[in-house]
Amino acid sequence: MKKKILCSFLIVAIGTMLILSLFACKEKEEEGKDDGLQIAVLSDIHLMTEGEVGHRTTYFYKSHALKTQNLLFLSEAVYKSAIDNLIERKPDVVLMAGDLSETGSVDSLNVIAAGCKKLEQAGIRVFVTGGLSDFSRGYINGSEKETFLTHITRDGFCETFADYGYNEAIAQDEETLSHVVDLDETHRLLVLDTISTYDYTQKDFLDGEDRTPPVSNATMMFVDTELEKAQDARKEMLVMSYLPINDTIGEYFGAMTKTKMITIDRQEEFADMFSIYGVQYVVSGHMHNQNCLKLDNQYLTMYNYTPSALCCYPLEYLWMTSEEDKYIVEEKSIGAVREEYLPKCLTDEEKQAVLADSSAFAKQYILDHIWVTAQEYIDNNGEKNALFMRFLRKLSIYPSSTIDEEPKAIAFCESLYQGYLTLINMPLYGETDSIESVCKGYDIVLPKTSYTTVKDFIGEILCQIYTDDVHITSESPEAVVFRYIVYTGLKMIADLDIGKSLHEMNDAVVAFDLTGVADQIFTEGIIDVTKDNVGVAFLSILEPLLQKKGGIFSTTMLQDVAEDLLKLVDTVLPFVLAFTDVYDQENDTVYGIRYRKYFDIPKGIVYLQKFLDEGLIDVFAADLLF
């Protein structure tokens, strides 16, 4: 009997131990599964409520949407679908890095706040910061007439998102909405706000050269103090800022950082401060493309990650997983845009396309949008060939009051337009009427790529910028193809004999033939401005404009065409490009490109191939075309 009792006891004991072991193993598995802090980063949601979009037919909405490649009419549905996707994936934390709304309206930001609440109810902590469009937009017309919206204030923003960072902050800046929160026992978050306190309605912001909101000494002191506290507490500090911190975008684009709000004010001081206190990771918005700007110094390497815009292709966000002293960073798709969130303004065909493949729909929207925008740029407000007409007006070839009625001017502009259409629709490969056939005329072999037409090539490369998939160098096949697309375009201009046409419109213009220049581009990759009177002719084209500016040059007084041409470039660029905000006279840059290095003044040579390879190709490589 005792043996039976003992055996029963042993069986129960062993069984209990086995069950406990199984539970322990399962618990370990669960711990391993949840090991590491999981952070999702969204930015540039640019939410526009369905009511603000309206029927997508009003003039204001169409003109507003034309300025961006964002899926504004689908942005609310995309955001709500992304929230559901995040709840399924269950990160520990969600960060929203600015430009939450397209209009900055109370209604649109309330929709964002409702999504934040839904996440927190699912056990996911949410932290937000505002962006430029959250504080600088005023109205939108989504109905039948212009409707002014109730715009959120700084205090209103803080109140709306009080439960998503501000109420649980362990420290707050007195001047801005910057604050600090603890993410877990080892990780801390600095939400760096430099946007909300700036008055974007002021003339110095709208018209001035320096459009990056300034950062005060007090805010710098707040950041320094909190970084020191985190270091003393052995907390790893992650920083979220709407504007990027790193200024590592290359020689060509360095000059654009202020005028284009590409980086935060005092970025060098921030970078030094972060490196001293061991901040390795910063997440930012604003850029609308997946990227990682890296800064190396004697202390550490700092990584500044920017996710793609949630409102735009490829409909993704960043996913960060903490692993010892680093983060593993990847992109995650929001999945399908859910049918219950689709707006009424979609056509049946659009609904089917969105439901079938939301990312593909977003990509096709970009591809279509590129050429719609280009067409609008050419035909501004319905004025046929307005871009080319504006070109003639700026050159003062005709008095502005008569140019629209001049048959020669109309025919000239139409010929340029038809040339543009021919080029963008031209096949890359083929025996005739292709980029390849033009290259063969110069014994040049065009490298093989997967692209079919010029339009296809340009559109696909631009889409790749959004996903950080484009890696073009001067030796890559894509760079060579791009070069010969440009050369072919210049050859087509030469074939149009524009020198003769301009001379017929204004006899002050010296008639010229660009055939030799086109041949020289293909064979040598240069333009010799002293050859065939090209420099003199170019100056004569600009002479009416220069005379209008006070008789700066005259073709009858030229001593050295090459030198005068460069002086002319220095003089005319601020005037011609003033409306584009791309010229920096102090640094001799256009779009950040230092054009002087591509001129050989004594020889009168422009190194076009070098310019394309080093300048424009670096634009692609840096993912900063937009």
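Worth saying up front: this structure is predicted, and the values here are computed from it rather than measured.

Asks: What should I look at first to understand the packing of aromatic side chains in this one?
Replies: When we look at a pair of aromatic rings, we describe it by the centre distance and by the angle of the planes. As enumerated under the stated definition, the model contains 15 aromatic pairs in all. Measuring from ring centre to ring centre gives 5.1 Å for F135 and F157, while their planes differ by 50°; the resulting arrangement is tilted. With F135 in helix α6 (residues 132-136) and F157 in helix α7 (residues 154-160), this pair connects stretches of sequence that are 22 residues apart. Taken together, the ring pairs connect F135, F157, F161 and Y164 into an aromatic cluster. Over the face of the ring belonging to W319 we find K332, whose NZ or CZ atom lies 5.5 Å from the ring centre.

Asks: Just to check I follow, could you spell out the nonpolar core for this structure?
Replies: Generally speaking, nonpolar side chains in soluble globular proteins are found buried as a group. Grouped together as the largest cluster of nonpolar side chains are 146 residues, with contacts concentrated most on M96 and F161. In this structure F161 touches L100, L109, I112, A113, C116, V128 and Y166, once residues within four positions along its chain are discounted. Core analysis: the next-biggest nonpolar cluster, separate from the first, contains 19 residues, F127, L183, L189 and L238 among them.

Asks: Please explain the confidence of the model for the protein as it appears in this structure.
Replies: Caution is warranted with low-pLDDT regions, since their predicted coordinates should not be read in detail. Per-residue pLDDT for the protein has a mean of 80; in total, 76% of the residues score no lower than 70. Low confidence marks residues 552-559, where pLDDT is under 50. Its contacts with residues over four positions away, or in another chain, come to 18 contacts.

Asks: Honestly, the sheet that holds strand β3 (residues 125-129) in this entry has me stumped. Any pointers?
Replies: What links the strands of a sheet is backbone hydrogen bonding, and the strands pair in either a parallel or an antiparallel sense. Spatially, five strands are ordered β3-β2-β1-β11-β12 in an open sheet, and the strand pairing comes out mixed. Either end of the sheet is taken by a strand with one partner, and the two such strands are β3 and β12 (326-333). Taking the axes of each pair of neighbouring strands and ignoring which way they run, one obtains an average angle of 20° across the sheet. As paired strands, strand β2 (residues 93-97) and β3 are joined by five bridges and run parallel to one another.

Asks: Sorry, what's going on with the environment of E475 here?
Replies: With respect to the helices, strands and loops of the structure, E475 is situated in the loop between α17 (454-467) and α18 (477-495). It is 8.4 Å that separates the C-alpha atoms of E475 and D613, two residues lying 138 residues apart in sequence.

Asks: What's the story with helix α11 (residues 267-276) in this structure? I'm lost.
Replies: Since the α-helix turns once every 3.6 residues, residues separated by three or four places project in the same direction. Residues of α11 that are buried: Q267, F270, A271, M273, F274 and S275. Of the residues trailing α11, G278 is marked for its positive phi of about 80°.

Asks: So what exactly am I meant to see when it comes to helix α15 (residues 407-424) here?
Replies: Here α15 contains 18 residues, and its C-alpha end-to-end distance of 26 Å stays within 8% of the 26 Å for a straight helix at 1.5 Å per residue. All of the buried residues along α15 are A409, F412, C413, L416, Y417, G419, Y420, L423 and I424. On an axial view of α15, the arc spanned by its buried residues comes to 155°, and they lie on one face. Among the structural elements, α13 (358-378), α14 (386-394), α16 (435-440), α17, α18 and α19 (498-505) are those in contact with the buried residues of α15.

Asks: I tried to follow the sheet that holds strand β13 (residues 527-528) on my own but got confused; where do I start?
Replies: An order of β13-β18-β17 is seen for the three strands of this open sheet, with the pairing classed as antiparallel. The open sheet terminates on both sides in strands that have one partner only, identified here as β13 and β17 (599-600). By the bridge criterion, two bridges tie β13 to strand β18 (residues 605-606) in an arrangement that is antiparallel. Within β18, the residue paired with D528 across the bridge is I605.

Asks: Even after reading the chapter, I still don't get the environment of A309, so can you show me in this structure?
Replies: Following the sequence through the fold, A309 ends up in the loop between β10 (301-306) and β11 (316-323). Overall, the relative accessible area of 0% leaves A309 in the buried class. Between the C-alpha atom of A309 and that of N70, which follows or precedes it by 239 residues, the distance is 8.2 Å.

Asks: Is there a simple way to explain the side chain of D134 in this structure?
Replies: With respect to the secondary-structure elements, D134 resides in helix α6. Using a relative accessible area of 0% as the deciding quantity, one classes D134 as buried. A polar side-chain atom of D134 sits 2.8 Å from the main-chain amide nitrogen of S101. Those residues in contact with D134, other than ones at most four positions away along the chain, are G98, D99, L100, S101, G104, L109, H151 and I152.

Asks: I tried to follow the side chain of S284 on my own but got confused; where do I start?
Replies: Take S284: it is sitting in strand β8 (residues 281-284). Residue classification places S284 among the buried residues on the basis of a relative accessible area of 0%. Reaching out from S284, the side chain makes a polar contact with the side chain of N304 at a distance of 3.0 Å. Excluding its chain neighbours within four sequence positions, the residues that come into contact with S284 are S43, A97, S241, Y242, L243, P244, I245, N304, Y305, T306 and P307.

Asks: I keep staring at the pattern of salt bridges and nothing clicks. Help me out?
Replies: Side chains that differ in sign of charge can pair as their charged atoms come close. On inspection of all chains with the given rule, the structure shows 16 salt bridges. Between E431 and K440 there is a salt bridge, with its nearest N and O atoms 3.4 Å apart. Classification of E431 as exposed rests on a relative accessible area of 63%. Residue classification places K440 among the partly exposed positions, given a relative accessible area of 41%. Through salt bridges that share partners, D84, E88, K118 and R338 make up one connected network.

Asks: Got a minute to help me understand the packing of α14 against α15 in this structure?
Replies: Helix packing geometry: the angle between the two helix axes and the distance between the axes. Taken N-terminus to C-terminus, the directions of α14 and α15 make an angle of 125°; their axes are 9 Å apart at the nearest point. Taken together, the axes of α14 and α15 are oblique relative to one another. Relative to α15, α14 is oriented so that their crossing is right-handed. Of the residues in α15, those in contact with F388, M389, F391 and L392 of α14 are A409, I410, F412, C413, L416 and Y417. Along the lines of polarity and charge, the residues of the contact of α14 with α15 split into 10 nonpolar, no polar and no charged.

Asks: Looking at this structure, I do not really get the environment of L612. What am I missing?
Replies: Assignment of secondary structure puts L612 in helix α23 (residues 608-621). Distance in space between the C-alpha atoms of L612 and R483 is 6.6 Å, their sequence separation being 129 residues.

Asks: Looking at this structure, I do not really get the pairing of β11. What am I missing?
Replies: Two faces belong to every sheet, and in a regular strand the side chains alternate between them. β11 sits mainly inside the fold: seven of its eight residues count as buried. Bridge count for β11 against β12 is eight bridges, and the pairing is antiparallel. Looking at the pairing, L318 lines up with E331 of β12.

Scoring rules and cut-offs
- Per-chain numbering applies: the sequence of each chain, read as written, is numbered from 1 onward.
- The predicted origin of the model limits local features to residues at a pLDDT of at least 70 and limits the giving and counting of side-chain atom pairs to 80 or more, whereas totals for whole chains, interfaces and linings rest on all residues.
- The side-chain values count all of the structure's non-hydrogen atoms but skip hydrogen atoms and water molecules.
- Only Phe, Tyr and Trp rings are paired, with Trp represented by its six-membered ring, and only when their centres lie within 6.5 Å; those with planes under 30 degrees apart are stacked, over 60 edge-to-face, the remainder tilted.
- Strands here are runs of E lasting at least two residues and helices are runs of H or I lasting at least four, both read from the DSSP assignment and numbered beginning at the N terminus.
- For a ring to carry a charge above it, either NZ of a lysine or CZ of an arginine must fall within 6 Å of the ring centroid while also lying within 35 degrees of the normal to the ring plane.
- To qualify as a nonpolar core, a set must consist of buried Ala, Val, Leu, Ile, Met, Phe, Trp, Tyr and Cys residues joined through side-chain atoms within 4.5 Å.
- The cut-offs for exposure are 20% and 50% of the maximum accessible area for each residue type, with area from a 1.4 Å probe on protein chains only; residues under the lower value are buried, those over the upper are exposed, and the others partly exposed.
- Should any heavy atoms of two residues lie within 4.5 Å, those residues are considered in contact.
- pLDDT is a per-residue confidence score from the predictor, ranging from 0 to 100.
- Strands are treated as partners if at least two bridges between them are detected by DSSP.
- Lines fitted to C-alpha atoms define the axes, with helix axes restricted to the stretch in contact, and inter-axis angles between N-to-C directions lie between 0 and 180 degrees.
- Between the first and last residue of a helix there are one fewer steps than residues, each counted as 1.5 Å, and that sum is the expected span.
- It is the directions from the helix axis to the C-beta atoms that the arc portrays.
- Here a polar contact is recorded for every N or O atom pair within 3.5 Å, except that within protein the pair must consist of a potential hydrogen donor and a potential acceptor, and residues adjacent in sequence are included only if both atoms are side-chain atoms.
- Each reported salt bridge corresponds to a side-chain nitrogen of Lys or Arg within 4 Å of a carboxyl oxygen of Asp or Glu.
- Roughly parallel means an angle under 35 degrees; roughly antiparallel means over 145; roughly perpendicular covers 65 to 115; every other angle is labelled oblique.
- The hand of a helix crossing depends on one turn: near helix anticlockwise from the far one by less than a right angle means left-handed, and clockwise means right-handed.
- Each residue is assigned to one class: nonpolar for Ala, Val, Leu, Ile, Met, Phe, Trp, Tyr, Cys and Pro, charged for Asp, Glu, Lys and Arg, and polar for all the others, Gly among them.

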